[in-house]
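Here is how the chains run, residue by residue.
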Amino acid sequence: MHTMMDKLTHAIRNCASEQAQIVVLTGAGVSAESGIPTFRGPEGYWSVGSREYRPEEMATARMFGLDPDAVWQWYLYRLGVCRAAQPNAGHRAVVQMEATLGSCFTLITQNVDGLHSRAGNSDHRTYQIHGYINYMRCASECSPELYTIPDEVKPKQKREPLSDGDRKALRCPRCGDRARPHVLWFDECYDETHYRYQSSIETAAHAAILLTVGTSGATNLPMQVGILAARRGAFVIDVNPSPNPFSDLAQQVGGIFIQGVAGEALPRIAKSIARISHQIRVPSLGL
Ligand code: OAD
């Protein structure tokens, strides 16, 4: 723990003097304690008719092209799960980190559940690199505009079909074409407009600390962020109950793997960051 405090102190001092960033990168594990199933756990599967699909098959532009109703049904079911969930102690700790660090803080999240934002993290310091399930956009890309899922479209139970009213409402308000969920699909690429690709890379390049939480390292941009930040000398901390590529990375570059759940580890880290920041008393942190 001593090493961690020393390294955190050093990194926070860097953040204050050199405008470096403390970057928190989260995955589905941070929302697991809010009751949202992770992707690669057993509850990630979805059946259409008699067939079982993995998220990697459902969450694709290809599937949306073949069976848009089935894809919308899946997302509207997940929308209900996300709306019913409440932020947990892990989310609240990330809010505390932002409150302490101000402009030195950036949150990169793969989660589309909106729980970080509902807990209180600010939208302008949060990059939702896989989108946000509460929004839709034009499937024909007539504009990049995002629209809240209309109120008349209610979340679905498992196997509950779309109604004609849903189909009518799930259309682009501008051109009338079909709307799609505002989420990144497996057969699509990251971009800046919707998913803050370049911003994430830039932030990673300026990271003094990278705190990764609850992600299995299966997607491309998060791994790029991790590798780039580590290469530039960031202090890498990984929080996860299971070893994973980020815990390996942390250990390779002299960082720390905290083997545990987000709801317990993050409040402790947030408290340490607050304590150190107060001791350093740097004006750019607003202390
Ligand atoms: P995964 O489901 O792949 O991994 C979840 C991770 O969270 C695992 O490493 C678990 O060990 C860990 N975990 C479980 N409970 C935890 C807890 N209480 N605290 C901390 N960690 C915990 O989820 P992601 O890595 O987020 O992409 O998946 C990445 C992306 O792949 C998702 O955003 C989604 C998915 O398919 C898209 O939809 C584009």
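The structure we're discussing is the one just above.
Residues numbered from 1 in each chain as written. Predicted model: local features only at pLDDT ≥ 70, side-chain atom pairs only at ≥ 80, totals over all residues. Heavy atoms only, no water.

**Some remarks on the packing of helix H11 (residues 220-231) against helix H12 (residues 245-252)**
For step 1, the next point in the chain: For the pair H11 and H12, the least separation of the axes is 11 Å and the interaxial angle reads 5°. The angle between the axes of H11 and H12 places the two elements in the roughly parallel class. Of H12, the residues touching H11 (which contributes Pro 222, Met 223, Gly 226, Ile 227 and Ala 230) are Pro 245, Phe 246 and Leu 249. (Axes fitted to C-alpha atoms, helices over the stretch in contact; angles between N-to-C directions. Helix = DSSP H or I, 4+ residues; strand = E, 2+ residues; numbered from the N terminus. Parallel < 35°, antiparallel > 145°, perpendicular 65-115°, else oblique. Contact = heavy atoms within 4.5 Å.)

**A short note on the site of the ligand**
For step 1, the next point in the chain: Taken together, 21 residues lie near the ligand, and Ala 28, Arg 40, His 130, Phe 186 and Ser 216 sit nearest.
For step 2, the next point in the chain: Contact between the ligand and Ala 28: an oxygen atom at 2.7 Å from a main-chain N or O atom of the residue.
For step 3, the next point in the chain: Within the side chain of Asn 240, a nitrogen or oxygen atom sits 2.7 Å from an oxygen atom of the ligand.
For step 4, the next point in the chain: Here the residues of the shell around the ligand sort into eight nonpolar, 11 polar and two charged. (Near = heavy atom within 4 Å. Polar contact = N/O pair within 3.5 Å; in protein donor to acceptor, adjacent residues only side chain to side chain. Nonpolar A, V, L, I, M, F, W, Y, C, P; charged D, E, K, R; others polar.)

**With respect to the pairing of strand E8 (residues 179-183)**
For step 1, the next point in the chain: In terms of burial, E8 is a largely internal element, five of the five residues being buried.
For step 2, the next point in the chain: Examined bridge by bridge, strand E6 (residues 131-138) and E8 share four bridges and lie antiparallel to one another. Residue Cys 138 lies in a different strand from E8, and its bridge partner there is Ala 179. (Buried < 20%, exposed > 50% of the residue type's maximum accessible area, 1.4 Å probe, protein only. Pairing = 2+ DSSP bridges.)

**Points about helix H13 (residues 262-280)**
For step 1, the next point in the chain: Between the first and last C-alpha of H13 there are 26 Å, a value that for 19 residues agrees with the 27 Å anticipated at 1.5 Å per step.
For step 2, the next point in the chain: Within the sequence span of H13, burial applies to Ala 262, Gly 263, Ala 265, Leu 266, Ile 269, Ala 270, Ser 272, Ile 273, Ala 274, Ile 276, Ser 277 and Ile 280. (Expected span 1.5 Å × (residues − 1).)

**With respect to the environment of Gly 233**
For step 1, the next point in the chain: Tracing the sequence through the fold places Gly 233 in the loop between H11 and strand E10 (235-240).
For step 2, the next point in the chain: The spacing of Gly 233 and Ser 122 is 111 residues in sequence and 27 Å in space, taken between C-alpha atoms.

**A look at the nonpolar core**
For step 1, the next point in the chain: If you look at the biggest cluster of nonpolar residues, it comprises 33 residues, and the most contacted ones within it are Met 97, Leu 211, Leu 266 and Ile 269.
For step 2, the next point in the chain: Elements with a minimum of two residues in this core: helix H1 (2-18), strand E1 (21-26), helix H6 (89-101), strand E4 (105-109), strand E9 (207-213), E10 and H13.
For step 3, the next point in the chain: Residue contacts for Leu 211: discarding those within four places in its chain leaves Val 23, Val 24, Leu 25, Met 97, Ile 237, Val 239, Leu 266 and Ile 269.
For step 4, the next point in the chain: Ile 36, Met 58, Val 71 and Val 112 belong to the second-largest nonpolar core, a separate cluster that totals 29 residues. (Core = buried A, V, L, I, M, F, W, Y, C linked by side-chain atoms within 4.5 Å.)

**A short note on the packing of aromatic side chains**
For step 1, the next point in the chain: Applying the stated rule across the entire model yields four aromatic pairs.
For step 2, the next point in the chain: Consider the rings of Trp 74 and Tyr 75, whose centres lie 5.0 Å apart with planes at 65°: the pair is edge-to-face.
For step 3, the next point in the chain: Between the NZ or CZ atom of Arg 51 and the centre of the ring of Tyr 53, over which it lies, the distance is 4.2 Å. (Phe/Tyr/Trp six-rings, centres within 6.5 Å; stacked < 30°, edge-to-face > 60°. Lys NZ or Arg CZ within 6 Å of the ring centre and 35° of its normal.)

**Here's the deal with the pairing of E10**
For step 1, the next point in the chain: Counting buried positions along E10 gives six out of six residues, so the element sits mostly inside the fold.
For step 2, the next point in the chain: Side-chain alternation along E10 places Phe 235, Ile 237 and Val 239 on one buried face and Val 236, Asp 238 and Asn 240 on a second face that is also buried.
For step 3, the next point in the chain: The pairing of E9 with E10 spans five bridges and is parallel. In the sheet register, Leu 211 faces E10, and the bridge partner there is Ile 237.
For step 4, the next point in the chain: Considered for its hand, the β-α-β crossover made up of E9, H11 and E10 is right-handed.
For step 5, the next point in the chain: As paired elements, E10 and strand E11 (residues 256-259) share four bridges and run parallel to each other. Paired with Ile 237 across the bridge in E11 is Ile 256.
For step 6, the next point in the chain: Handedness of the crossover joining E10 and E11 through H12 is recorded here as right-handed. (Right-handed = clockwise from strand over helix to strand, strands pointing away.)

**Some points on the environment of Gln 96**
For step 1, the next point in the chain: When you line up the elements, Gln 96 lands in helix H6.
For step 2, the next point in the chain: Expressed as a C-alpha distance, the spacing of Gln 96 and Asp 69, which sit 27 residues apart in the sequence, is 40 Å.
For step 3, the next point in the chain: Excluding its chain neighbours within four sequence positions, the residues that come into contact with Gln 96 are Ala 270, Lys 271 and Ala 274.

**Describing the pattern of salt bridges**
For step 1, the next point in the chain: Under the definition given, this model contains 11 salt bridges.
For step 2, the next point in the chain: One salt bridge connects Arg 125 with Glu 98, and the closest N-O pair in it is separated by 3.4 Å. A residue pair is termed long-range when its members are at least 10 positions apart, and Arg 125 in the loop between helix H7 (115-119) and strand E5 (126-128) and Glu 98 in helix H6 qualify at 27 residues.
For step 3, the next point in the chain: Judged by relative accessible area, which is 22%, Arg 125 ranks as partly exposed.
For step 4, the next point in the chain: Note that Lys 156 and Glu 160 form a salt bridge whose closest N and O atoms lie 3.9 Å from each other.
For step 5, the next point in the chain: Classification of Lys 156 by relative accessible area gives buried; the value is 7%.
For step 6, the next point in the chain: Salt bridges linked by common partners bring Arg 51, Arg 54, Glu 56 and Glu 57 together as one network. (Salt bridge = Lys/Arg side-chain N within 4 Å of Asp/Glu carboxyl O.)

Limitation: the analysis is restricted to geometry and does not speak to function.
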